[in-house]
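Structural characterization, general
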Amino acid sequence: MTATRPAPATEPAPTHGDSLAATLAGTGILLRFALRRDRVRMVVWALGLVLGTVMSAASFEGAYPDEAARQSLIESTAGPAGLALTGPAEYLTDYTYASMLAHQMIGFSGVLIALMAVLTVTRHSRNEEETGRSELLRAGVLGRHAQLTAALAAAAVSSLLIGLLLALSLIGLDIEGTTTSGALMYGLAHTAVALVFAGAAAVTVQLTAHTRAASGMALAAVGAAYALRAAGDATGDLAEGGAGGGVWLSWLSPIGWAQRTFVFVDDRWWPLLLCLVLAGGLAALGYVLSTHRDVGAGLWAARGGRPRASGALAHPFGMALRLQRGLLIGFAIGVALLGAMYGSVIGEVEGMLGDVDVIQESLAQLGGATLAESFVSMVLIPLSTVAAVYAVLASLRVRAEETGGRAESLLATGLSRVRWAAGHLAVALLGSAAALAAGGLVLGVTGALALGDGGLVGSVLGASLAYGPALWMTVGVAALLIGWAPRASVVAWAMPVGAFVLGYLGGLLDFPQWLINLSPFTHVPRLPAQEMAWTPVLVLTALAAGLLWLGLLGLRRRDLELK
Amino acid sequence: MTEATDAIAISGLVKTFGHTRALDGLDLTVRTGEVHGFLGPNGAGKSTTIRVLLGLLRADSGSTRVLGGDPWQDAVSLHRRLAYVPGDVELWPNLTGGEAIDLLARLRGGIDEKRRAELTERFDLDPTKKGRSYSKGNRQKVALIAALSSRVDLLLLDEPTAGLDPLMEVVFQEEIARARADGVTVLLSSHILAQVEKLCDRVSIIRLGKVVQSGTLSELRHLTRTTIEAETAAPTESVEGLGRLPGVHDLRFENDRVRFAVDGEHLEETVRRLADLGVRSLVSHPPTLEELMLRHYGTHPPAEPDATSVGAGAADTASGNGAGR
């Protein structure tokens, strides 16, 4: 049955209004159901966004206590890199704490709320169809457009609530420069961005039959919007009042529109209207496209794949690499982009960070070396944290294959458990090191370009490779858990969390030294600021090998957990 | 029991999960070259038994031999000689069906290309579709094709045709018959009794982790009741006397026909007495597998005391053993 099938002839010919209402029958019930299913998720999103905003806002007073500190922040931010990471230069003309918040946060939290909107729409539309639940619902008294409408409405309700919460929290916090209408605009700017990308998701869910592809395309649009505004804003010139040759690029981006409300500076509402118009247009396109396809299908026919397997697939490592390649490529690109972002600002490190007490303090702890080298040592911590997240995901794939029932068929063939698990763990070991090396290489190259110092490429790449043994320890811990305490294997997430919290914030938050020492990442030599130390690297490598061996031993002797 | 000719020999197998005793002293023998039916309700322990045979689960106690080896110690070498189809096949969302078939068969140690092509054609599978877009039936087909196109000595099939349509069911039965003709041993766990009756040389019935009955279908039938329907020359009153014979149950009259069930061991005696009454027509149904199963699981309507069901007013339709063919 197609979605476009006309009503049976025996039914009284519906009037136009009736038919519209009929296509929406059941929307209210679905919306309530969707909000109920999402209640925990939405609270987490709202808390994350509101707390992140409030904490940033509250930190300004301590970070920039006087006019001099504020002035030096303006100077350091006014460069292309600073503007690319924040927003348009216009905000700098009236840099109160409130406009500082809007300048630094809207681009960032706008991406996050857009992510929330995309995931909400795909979850309640395409995912329902892909899992076949939709078919059951659509066979009942449910209009053709009810599911998409409910999905969009769920995203709209959530983003409106988060927008209002943001506004209320800013009014409550009342930092310098806050106005009630400005706070409201700040919150609703987030809502507007979310609506645009909810609309984009309403289109992408029509195109493909797969949830992941649909959310991937919509998220690519979010990424493109951020990149456009970063490229445009970077050309802005504070001396010219924010004008610049490439600023038009920012006008192609809905996130750029939200920033161009110049909230707490000018309070312009009309750019948000652009967001609403685009959101409405995209949603309308989604509705139109949805009537041109079957339930469960996408407009793009599913692509066929290879009818035969390549030779590499029958090898445990080749198989694991094939199954995990999307994850690996995604993380390698992510770490590389992070490296590019840090590398591009390395030239302005002195100006940007020189006056930030918190960062200065942690840089001082590294001692010696130039500020640029200290900066590299410090940013390798978040880079290695992201690589450790990949290491955990890739290692836990062993467990996912087991509980997902896919290991059962494989292990009934001539493939032994150890070889099967070792294939996935090898991908985790090599892939995490490769992803971090990609980040280190890009950080080194962009940094070398910024400083005109070619020697940085080698030293930064080497510094990133020094984290390899800590990543391998992460894989080892995951393997140990999978072998001996499979139900507790999520505990492996403590490794990346520990790497970040203890490594990045440990010195500042006065954790006891024994706790900081627990994380293998603490023991990695902080190159290039410090000297290379071989002992910890070798010890970590040996420990990782021991943990892997123990883990595989445990896996060999336990029952598999089968469906 | 562990002769060299037995493909599978299990004795006293115990497997517990926490407090649950999934297998409770299970004995099972599958002779080389036979198709062995493995019957039982959900949760009786069929899948657990097969997973122990595969070395995916470790037995708590008892002895288990598969193709002469220990399924836990010799898992990999045994797996090269057997193929397994689970009841609920899970595939990789980003691999095509064709890739999954090659993966499973190559890891087992090779694939018969001619059989692979032939089976793909017969089961009508599109091997270019990604795993995530296959229906349940198509996922089963992928595992079946991978198993049947490997050259193996033993097939372990755990409800392999769940989700297949009746046409594919026929193809499956033909392929199993062909495997048997090639000398392959098959352990077939199934819910489809017609499938078991058609394919299996011997049958084992499992209940609560124990095999309660094992033998050929005719042996098993001998242990249970045959339904007899007859029209006699003698008056009703004398026919009623049959109901008092040992082993006769549920005697009823339908118009002028008498209908009753008789235990296998008393069949000969009962038929002789019936002949004395002047038989005009006679129909007998051997017990169906369904009746056999129902008897073992206690959901069969309890047999009424022999004499009480006989009465002049018994013209209403008999309902007891209505499963006749």
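Conventions we followed
Residues numbered from 1 in each chain as written. Chains lettered and ligands numbered in written order. Predicted model: local features only at pLDDT ≥ 70, side-chain atom pairs only at ≥ 80, totals over all residues. Heavy atoms only, no water. Helix = DSSP H or I, 4+ residues; strand = E, 2+ residues; numbered from the N terminus. Buried < 20%, exposed > 50% of the residue type's maximum accessible area, 1.4 Å probe, protein only. Contact = heavy atoms within 4.5 Å. Areas by Shrake-Rupley, 256 points an atom, 1.4 Å probe, with all protein chains shown as cover. UniProt positions renumbered as here; feature names shortened; annotations may be inferred. Buried area = accessible area lost by both parts, 1.4 Å probe. Salt bridge = Lys/Arg side-chain N within 4 Å of Asp/Glu carboxyl O. Axes fitted to C-alpha atoms, helices over the stretch in contact; angles between N-to-C directions. Parallel < 35°, antiparallel > 145°, perpendicular 65-115°, else oblique. Left-handed = near helix turned anticlockwise from the far one by under 90°. Nonpolar A, V, L, I, M, F, W, Y, C, P; charged D, E, K, R; others polar. Pairing = 2+ DSSP bridges. Core = buried A, V, L, I, M, F, W, Y, C linked by side-chain atoms within 4.5 Å. Expected span 1.5 Å × (residues − 1). Bend = angle between axes of the 7 residues up to and from the residue. Domains from an automatic or database assignment. Polar contact = N/O pair within 3.5 Å; in protein donor to acceptor, adjacent residues only side chain to side chain.

This part takes up the overall build of chain B. Per the secondary structure count, chain B includes 11 helices and 13 strands. Across its three principal directions, the C-alpha atoms of chain B cover 75 × 45 × 35 Å. For chain B, with 325 residues in total, the buried portion stands at 54%. Of the contacts formed within chain B by residues at least 6 apart in sequence, a portion of 71% connects residues at least 24 apart. Of the roughly 13900 Å² that chain B leaves accessible, carbon and sulfur atoms contribute 49%.

Under the UniProt annotation, "domain: ABC transporter" (unreviewed entry) lies at residues 8-233 of chain B. The span residues 8-233 of chain B carries 34% helix and 30% strand; its end-to-end C-alpha distance comes to 53 Å.

Let us now look at the interface of chain B and chain A. It is common to give the size of an interface as the accessible area lost on bringing the parts into contact. Listed as interface residues are 35 residues of chain B and, on the opposing side, 36 residues of chain A. Both faces considered, chain B and chain A share a buried interface measuring about 3300 Å² in area, 54% of it formed by carbon and sulfur atoms. On the chain B side of the contact with chain A, Leu56, Trp92 and Leu107 of chain B bury the most area, a combined 20% of that side's loss. Summed over the shared surface of chain B and chain A, the number is 6 salt bridges. Among the ionic pairs, Glu99 of chain B bridges to Arg322 of chain A, the shortest N-O distance being 2.6 Å. For the side of chain B that touches chain A, the elements supplying multiple residues, two or more each, are strand E1 (6-17), helix H2 (75-79), strand E5 (82-85), helix H3 (97-108) and helix H4 (113-122) of chain B. With 8 residues, H3 of chain B is the single largest residue contributor to the side of chain B that touches chain A.

Residue and element names in this part refer to chain A. In this structure, Pro88 sits in the loop between helix H5 (80-85) and helix H6 (97-124). Judged by its relative accessible area of 1%, Pro88 is buried. Pro88 sits 452 residues away from Leu540 along the chain, and the two C-alpha atoms are 45 Å apart. Apart from the residues lying within four places of it in its own chain, the contact partners of Pro88 are Leu83, His103, Asp233, Gln259, Arg260 and Phe262.

Next up on the list: the packing of H6 of chain A against helix H11 (residues 211-234) of chain A. Helix-helix packing is described using two parameters, namely the angle between the two axes and the distance between the axes. Residues and elements named next belong to chain A. Where H6 meets H11, the axes come as close as 10 Å, and the angle between the chain directions of the two elements is 160°. In terms of axis orientation, H6 runs roughly antiparallel to H11. Our pair here, H6 against H11, has a crossing hand that is right-handed. Residue-level contacts link Gly107, Phe108, Val111, Ala114, Leu115, Val118, Leu119 and Thr122 of H6 to Thr211, Ala214, Ser215, Ala218, Leu219, Val222 and Tyr226 of H11. For the contact of H6 with H11, the class distribution of residues is 11 nonpolar, 4 polar and no charged.

Residue and element names in this part refer to chain B. Read from one edge to the other, the open sheet built from 4 strands follows the order E11-E12-E10-E13, with strand pairing classed as antiparallel. At either margin of the open sheet sits one strand with a lone partner, and together these are strand E11 (248-254) and strand E13 (279-285). Put simply, the sheet's adjacent strands are angled 20° from each other on average, direction ignored. The strands touched by helix H10 (residues 267-276) within the sheet are strand E10 (225-232), E11, strand E12 (257-263) and E13, with E10 carrying the most contacts at an inclination of about 5°.

Quick look at the packing of helix H9 (residues 146-173) of chain A against helix H10 (residues 180-207) of chain A now. All names here are of chain A. It is at 8 Å that the axes of H9 and H10 come closest, and there the two elements cross at 160°. The angle between the axes of H9 and H10 places the two elements in the roughly antiparallel class. Considering how the two elements wind past one another, H9 and H10 form a crossing that is right-handed. Class assignment of the residues belonging to the contact of H9 with H10 gives a composition of 18 nonpolar, 8 polar and no charged.

The omega angle of the peptide bond from Leu527 of chain A to Pro528 of chain A is -10°, so this bond is cis rather than trans. Assignment of secondary structure puts Pro528 of chain A in the loop between helix H25 (513-518) and helix H26 (534-557). The backbone of Leu67 of chain B shows a phi angle near 50°, a positive value even though the residue is not glycine. Tracing the chain through its elements places Leu67 of chain B in the loop between strand E4 (61-66) and H2. For Leu67 of chain B, a relative accessible area of 16% gives the class buried. Even without glycine at this site, Leu208 of chain B takes up a positive phi of about 50°. Residue classification places Leu208 of chain B among the exposed residues on the basis of a relative accessible area of 65%.

Turning our eyes to something else, we now look at the nonpolar core. Formed by 110 residues in total, the largest nonpolar core has its most connected members in Leu410 and Trp420 of chain A together with Phe123, Leu155, Leu156, Ile176 and Leu187 of chain B. By residue number, the principal contributor to this core is helix H5 (residues 136-148) of chain B, which donates 7 residues. Core analysis: the next-biggest nonpolar cluster, separate from the first, contains 62 residues, Ile74, Val196, Val263 and Phe264 of chain A among them.

Attention now moves to H6 of chain A. With 28 residues, H6 of chain A should cover 40 Å at 1.5 Å per step; its first-to-last C-alpha distance of 39 Å lies within 8% of that length. Along H6 of chain A, the sharpest change in direction is near 50° and occurs at Met105 of chain A.

Another aspect to go through is the domain arrangement of chain A. Under the domain assignment, chain A is made up of domain 1 (37-290) and domain 2 (313-557). The centre of domain 1 of chain A, based on its C-alpha atoms, is set 31 Å off from the matching centre of domain 2 of chain A.

Looking now at the domain arrangement of chain B. Residue and element names in this part refer to chain B. By the assigned domains, chain B splits into domain 1 (6-220) and domain 2 (223-297). In this structure, domain 1 and domain 2 have C-alpha centres spaced 39 Å apart. Residue-level contacts link 14 residues of domain 1 with 9 residues of domain 2. For domain 1, the biggest contributors to the area lost against domain 2 are Leu193, Ile205 and Leu220; these three give 43% of the whole. Where domain 1 packs against domain 2, one counts 0 salt bridges. The interface formed by domain 1 and domain 2 holds 0 residue pairs in polar contact (both at pLDDT 80 or more) in total. Its residues assigned to classes, the side of domain 1 that touches domain 2 shows 9 nonpolar, 2 polar and 3 charged.

This brings us to the environment of Leu28 of chain B. Residues and elements named next belong to chain B. Following the sequence through the fold, Leu28 ends up in strand E2 (residues 20-31). Exposure remark for Leu28: the relative accessible area of 1% places this residue in the buried category. Considering only alpha carbons, one finds Leu28 and Thr64, 36 residues apart in sequence, at a separation of 9.2 Å. Once residues lying within four places of it in the same chain are set aside, the contact partners of Leu28 are Ile8, Ala9, Ile10, His36, Phe38, Leu187 and Ser204.

Here we come to the pattern of salt bridges. The full count for this structure, using the stated rule, is 42 salt bridges over all chains. One salt bridge in this structure joins Glu402 of chain A and Arg399 of chain A, with 3.3 Å as the shortest N-O distance. Of this pair, Glu402 of chain A and Arg399 of chain A both sit in helix H18 (residues 397-403), 3 residues apart, roughly one helical turn. Across the salt bridge formed by Glu402 of chain A and Arg558 of chain A, the nearest N and O atoms sit 2.9 Å from each other. Note that Glu402 of chain A is positioned in helix H18 and Arg558 of chain A in the segment after H26, a separation of 156 residues in sequence. Each of the two residues, Glu402 of chain A as well as Arg558 of chain A, counts as buried. Linked through salt bridges whose partners overlap, the residues forming this network are Arg115, Glu118, Arg122, Glu174, Glu175 and Arg178 of chain B.

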